[in-house]
Structure formats: C-alpha cells, structure tokens
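Below are the chains, spelled out letter by letter.
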Amino acid sequence: MEDHRKQQETGSSQNITIKGMIGLIMSYIEEGQKKKVISLGMGDPTAYTCFTTTKVATEAVSDALCSNKFNGYAPTSGLPQARRAIADHLSHDLPYELSSEDVFITSGCTGAIDIALSTLARPGANILLPRPGFPIYELCASFRNLEVRHYDLLPENGWEVDLAEVEALADQNTIAVVIINPGNPCGNVYSHQHLKKIAETAKKLGIVVVADEVYGHLAFGNKPFVPIGVFGSIVPIFTLGSLSKRWLVPGWRLGWFIMTDPSGTFKDPKIIERLKKYFDIYGGPATFIQAAVPRILEQTDKAFYRRTINTLKQNSDRCFDGINEIPCLACPSKPDGSMAVMVKLNLSMLRDITDDIDFCFKLAKEESVVVLPGIAVGLKNWLRVTFAVEPASLEEGLRRMKSFCLRHANQPQLE
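All values reported here derive from a predicted model rather than from experimental measurement.

The rules behind these values
- Here, residues in each chain are numbered from 1, in the same order as that chain's written sequence.
- Predicted model: local features are reported for residues with pLDDT of at least 70 only, side-chain atom pairs are reported and counted for 80 or more only, and whole-chain, interface and lining totals are derived from all residues.
- Computation of side-chain values covers all heavy atoms of the structure but excludes hydrogens and water.
- Two strands qualify as a pair provided DSSP detects at least 2 bridges between them.
- Comment: elements are numbered from the N terminus, with helices defined as DSSP H or I runs of at least four residues and strands as E runs of at least two.
- Residue contacts follow a heavy-atom distance rule, with two residues in contact if any of their heavy atoms lie within 4.5 Å.
- The axes are straight lines fitted to the C-alpha atoms, using for helices just the contacting stretch, and the angles between their N-to-C directions are given from 0 to 180°.
- Throughout, the protein atoms alone are placed on a 1 Å grid, and a set of points is a cavity if a 1.4 Å probe fits but cannot get out or a pocket if it is open with protein on both sides within 12 Å along at least five of seven lines; lining residues have an atom within 4 Å of a point.
- Grid points are joined across faces, edges and corners, and a volume is the space filled by probe spheres set on the points.
- Residues are grouped as follows: Ala, Val, Leu, Ile, Met, Phe, Trp, Tyr, Cys and Pro are nonpolar; Asp, Glu, Lys and Arg are charged; all remaining types, including Gly, are polar.
- Each angle is binned into one of four classes, with values under 35 degrees roughly parallel, values over 145 roughly antiparallel, values of 65 to 115 roughly perpendicular, and all other values oblique.

## Digging into the sheet that holds strand S8 (residues 237–242)
One open sheet accounts for eight strands, arranged S2-S9-S8-S7-S6-S3-S4-S5; its pairing is mixed. Edge positions in the sheet fall to strand S2 (103–107) and strand S5 (160–161), since each of these pairs with one other strand and no more. Along the sheet face, helix H4 (residues 80–91) touches S2 and strand S9 (254–260) and points at about 110 degrees away from the line of S2.

## Structural notes on empty space enclosed by the protein
In the structure shown here, the tally under the stated rule is three cavities of 30 Å³ or more. Roughly 250 Å³ of internal volume is contained in the largest cavity. The wall of the largest cavity is formed by 21 residues, among which Leu-90, Glu-213, His-217, Phe-225 and Trp-256 lie closest to the centre. Elements with a minimum of two residues in the lining of the largest cavity: H4, S8 and S9. In terms of residue count, the dominant contributor to the lining of the largest cavity is S8 (four residues). Here the residues of the lining of the largest cavity sort into 10 nonpolar, eight polar and three charged. Of the voids in this model, the second largest cavity is the one considered here, and its volume is about 60 Å³. Lining the second largest cavity are Pro-130, Pro-132, Gly-133, Leu-153, Ile-180, Gly-183, Asn-184, Pro-185, Cys-186, Asn-188 and Tyr-190.

## Focus on the packing of helix H2 (residues 18–26) against helix H12 (residues 356–367)
Each pair of packed helices can be summarised by the angle the axes make with each other and by the distance between the axes. For the pair H2 and H12, the least separation of the axes is 9 Å and the interaxial angle reads 45 degrees. On the basis of their axis angle, the class for H2 and H12 is oblique. In contact with Met-21, Leu-24 and Ile-25 of H2, H12 contributes Cys-360, Phe-361 and Ala-364. Split into classes, the residues belonging to the contact of H2 with H12 amount to six nonpolar, no polar and no charged.

Shown next as structure tokens:
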C-alpha cells in the first residue's frame, strides 16, 4: 500500500521537479523524530553558515534599497548599468567583448531557461537535453510544446556529452542542444577540447547551443571552468547564468540570458523584437537588486571566491570517499565542480529496496536523511547527493546512510 502511494505521488519522471520530490520525501519523516533532519538533496547552500554571501553584496543591495532611487519599474530587459556590468564581467573570459545589448536580466536562471526555450520554440520543433540533467528544462519544454530528446552523459568519461548520440538524435526540426557546465547533477567540468567538439557538432547540425553556466567558476578539480562562449564564433550560443550559486544568493533571483553570438546570427531585428516582447511579458528581479549588480561584480573580493571553492573542494572529497566506503553505493568519478554528485545504487546488494525512490523514502523515514532519487534527474537507480552543506552535517549524513545500507544489506552486518 505504501509503495502504491509513493508511485502515485511521484508520478512520471517528466512531471517531477526537484523541489516537489524533496517535499514528498520530507513528508515521510515522522513528526517527533529525534534525529535532526539532514538534507543532502537540495542545491541551496545558504541554510549553512559556512556558505554566506560576501559583505559587498549585502551592502550593495542595502544601499540601493535605502537610496530610494530604485523603487520604480526597471526597463523590461534590465537596468542599463546592470546589463553593462554583466557584459563586462563575462567578457573577461571571452576572446571578444559582449555589449550591454547582448545581455537580458531574468528572474534567476530558471527565468533564463524559459526565455531561451520560448525564443527558440516553433511548431514541430525538438530540443536535445542531457540525461541526467535539470528537470526544469523538461517542464519548460512541455509548456512550449517542444519535443524533448535525451542524449546521454557518459559516466565512464567524466560525464562528457555522447556526441555520436547527439548527431543520431538531431534532425531538421532540432532547434538546440542544452549543456550544463559545471554539471548539475553530475559535478563534472568540461575541458576546453570537449567544449570545442560540442560547438563544432552543433555547427554541423545547424543548431544553437544553450549553455547553462549557473555554476560558472565553481570548479575545484583538475579542469578549469571554460565558458563555451569562447567558441561563439563557431556556433551561436545562448549563455544562461545568475548570481545564485557563485555569490550564494539563490533567493535574490537575479539571472541573465546572454546572446553569445559575435557573428551576429541572432541579431536579426525580428528575432530581437520577439525576444524583447517576451521580456515585456516576464517580470524581472526587483529593481534595487539589479541596481546592486555593478558593485557586486566589480568589488567582490577574490578571497570570498577562494573560501567557497575551498569548502566545496573539501566537502566533495569527503563525500566521494564516504560514499565509496558504503558497499552498495559508488561514485564513478570525483566531482570537479558545482555542488552535487551522482551516485550509482547497486540494488543487488540490498534485500528490501526496490528502486531509487524506495531507497530515498526509506532512508528519510529511518534515518532522517534526504537525498534525491536519480529518476528526478532522469537516471533511474542512481542518487544525487548534494555536498554544499556544513562539513559536520555531511559527515553525519554519510554515517547514517552507511548505517541504513548495512541494515538493509542482503547479509546484514554489524554497524
């Protein structure tokens, strides 16, 4: 009966959102449970004191609000000074200069995703999405009547794009291929060489690259973060990003949609006009938040970035090692970036766990630990574990996961 309830509540994978799934799992934690709830499921590090935004950011927002100069409507494309600051900031990593006209300010990166898909959508079109990936893309595609075709990321190759599969899936109705770099949910970072191959493949197919770089610069492995916009002269790229992750302010909802297109493929007046009309419909972030952007981008101390990277690096190492100490779990590769990692679940080693959803619901109920079932990001019988938490909470969460797995092992072992 309980399994049937879980199946009804979770529905099909196409209708799953991360927040919705986490909410369902949380509901299985019994009231009065003595153990403190540890969430390794959501990618919001701000619940933990080790992930606090820079003082420059809070002061910039406070000063903009208290100035009483930014209480009115902003232009629908965003405040000019904010657009200019974002263009200058992102141009540091590119072989060409972005202009403020290339930048549109959105309500978080989610708003940028919807704008990108809305702009590209047409009757009968399809879009190529990564598996595993971020489920908001499927949700936005369904609202825009876009057919979704999934290409696989290859765990044995550091979660690189299966470019042969991309070519096999594409046809004359394919409008774009989406990539997420640094990777959510996999924790991968693509090399310069692999990004160039993605751009060349997109050019060959005559499609746009939609590059989700919301975790941009949150790279701590052997591969530095490279924006795929460096290959904008090969293929037009829509770059999506936000303040959310790097500056640890997801609740501020300040994102951007960038036309990384130095060749001017999308500078057609009709396309620009269509894009502007979408922004006339969508409301952007609060005007005073936008007004703070130039100061945030220009004055954030490099030491703040280093502290965040160092904490994520230490946590990712502990997470990787801790998971691989649990017999029924395995990480195919150590995370190189972002805030999460994919974990393979070996059901053959467990005696009463039917799938990844069952694992996560029972783990929450018995141990008050929340992780995300892989089906929520497109990969059944995997788990997504977030390591952007307090180190002590991560250690305790891993300890409880190990205890749970040993208790449910085919041959139960002493803890």
